[in-house]
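Letter by letter, the chains look like this.
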Amino acid sequence: MVHSLPVDLDPQKLPKHIAVIMDGNGRWGKQRGLPRIMGHQKGVDTIRNILTYCQDWGINALTVYAFSTENWRRPPTEVEFLMALFEKVLCREIKIWAQKGIQIRFVGDLTSLPYSLQEEIQKSVVQTEQNTGIQFTVATNYGGRQELVQACQAIAQKLQPEK
Ligand code: FPP
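Residues numbered from 1 in each chain as written. Predicted model: local features only at pLDDT ≥ 70, side-chain atom pairs only at ≥ 80, totals over all residues. Heavy atoms only, no water.

Chemist: I would appreciate a short explanation of the pairing of strand S3 (residues 103–107) in the present structure.
Modeler: In this sheet, strand S4 (residues 135–142) lies alongside S3 in parallel orientation, the contact comprising five bridges. By the bridge assignment for S4, Gln103 is matched with Gln135. Remark: the S3/helix H4 (residues 115–128)/S4 crossover connection has left-handed handedness. (Pairing = 2+ DSSP bridges. Helix = DSSP H or I, 4+ residues; strand = E, 2+ residues; numbered from the N terminus. Right-handed = clockwise from strand over helix to strand, strands pointing away.)

Below, the structure written as C-alpha cells:
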C-alpha cells in the first residue's frame, strides 16, 4: 500500500532530509505496563514505518539517532538487548531495504560495538552501497563532543606537513 501525501501538506515544502532522535521507547513500554525492551521493539516498527512514508512521499534522506555514547550507562542487560536487537534488525530487514533501493550508512564510533554487530553493519553497508533510493543513516555510539573531537583530529591530520 502506498501512503499518499495528506492534502494539507504541500509537496513543495516537504523536507529533503528528516532526522529522528529515538526517545521515549522505555516510557512507551512503561505506560502500557510492558518492559522497556518492548518499547525498543516498538521503536524498530516505528522506524520501519517512517522509512515507508519517506519512500512514498519522496523524502530521500532519513537519519536516525539510535544509540548515543551516553546510552552505555544503561543497565548492562538493556545494553546487551539493544546490541542484539540492532543485529537482529539488520539481519532481518536488510534484504527488504536492499530491494527497496535503500542505502544504509552508519555514523559514530563503531569500534566499541560487539564484533558480530560490526560485521553485520559492514555487510549491510556493502550490500546497499550502490542503491540510489533513500539514504538511511543510523547514528550509533554517537556523541556531539566525540564528533567535534574526531572532526578536529581529521583536520589536524590534513594539516600535517608531508614527510
Ligand atoms: C531511546 O529510548 C532509544 C534507544 C536508546 C535505542 C533505540 C534503538 C533501537 C530500537 C534499535 C534500532 C535499530 C536500527 C538498525 C535502526 P529510551 O530508552 O531513551 O526511552 P525513554 O526516554 O523512555 O527512557
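Chemist: I tried to follow the pattern of salt bridges on my own but got confused; where do I start?
Modeler: Side chains carrying opposite charge are able to pair once their charged atoms draw close together. Evaluation of the coordinates by the stated rule reveals seven salt bridges. Among the salt bridges present, the one from Glu78 reaches Arg36, with a minimum N-O distance of 3.0 Å. Highlighted residues: Glu78 in helix H3 (residues 76–99) and Arg36 in helix H2 (residues 36–57), separated in sequence by 42 residues. Residue class for Arg36 comes out partly exposed when judged on its relative accessible area of 37%. Close ionic contact of Arg48 with Glu93 constitutes a salt bridge, the shortest N to O distance being 2.9 Å. Of the two residues, Arg48 sits in helix H2 while Glu93 sits in helix H3, which places them 45 residues apart along the sequence. On the accessibility criterion, Glu93 (4% relative accessible area) is buried. Residues participating in the shared-partner salt-bridge network are Asp45, Arg48, Arg92 and Glu93. (Salt bridge = Lys/Arg side-chain N within 4 Å of Asp/Glu carboxyl O. Buried < 20%, exposed > 50% of the residue type's maximum accessible area, 1.4 Å probe, protein only.)

Chemist: Would you mind showing me how to read the nonpolar core here?
Modeler: One broad trend across soluble globular proteins is that nonpolar side chains are buried collectively. With 28 residues, the main nonpolar core has Leu51, Leu62, Leu90, Trp97, Ile104, Leu117 and Phe136 as its most contacted residues. Those elements that provide at least two residues to this core are H2, strand S2 (61–68), H3, S3, H4 and S4. Here this core gets 10 residues from one element, more than from any other, and that element is H3. With sequence-adjacent residues up to four places away left out, Leu90 is seen in contact with Trp97, Ile104, Phe106, Leu117, Glu120, Ile121 and Ser124. (Core = buried A, V, L, I, M, F, W, Y, C linked by side-chain atoms within 4.5 Å. Contact = heavy atoms within 4.5 Å.)

Chemist: It is not clear to me how the site of the ligand should be interpreted in this structure. Could you clarify?
Modeler: Taken together, 16 residues form the shell around the ligand, and within it Asp23, Asn25, Arg27, Arg36 and Arg74 come nearest. Separating an oxygen atom of the ligand from a backbone N or O atom of Gly24 is a distance of 3.1 Å. A distance of 2.6 Å separates an oxygen atom of the ligand from a polar atom in the side chain of Arg74. For the ligand, whose free accessible area comes to 630 Å², the fraction covered by protein is 94%. (Near = heavy atom within 4 Å. Polar contact = N/O pair within 3.5 Å; in protein donor to acceptor, adjacent residues only side chain to side chain. Areas by Shrake-Rupley, 256 points an atom, 1.4 Å probe, with all protein chains shown as cover.)

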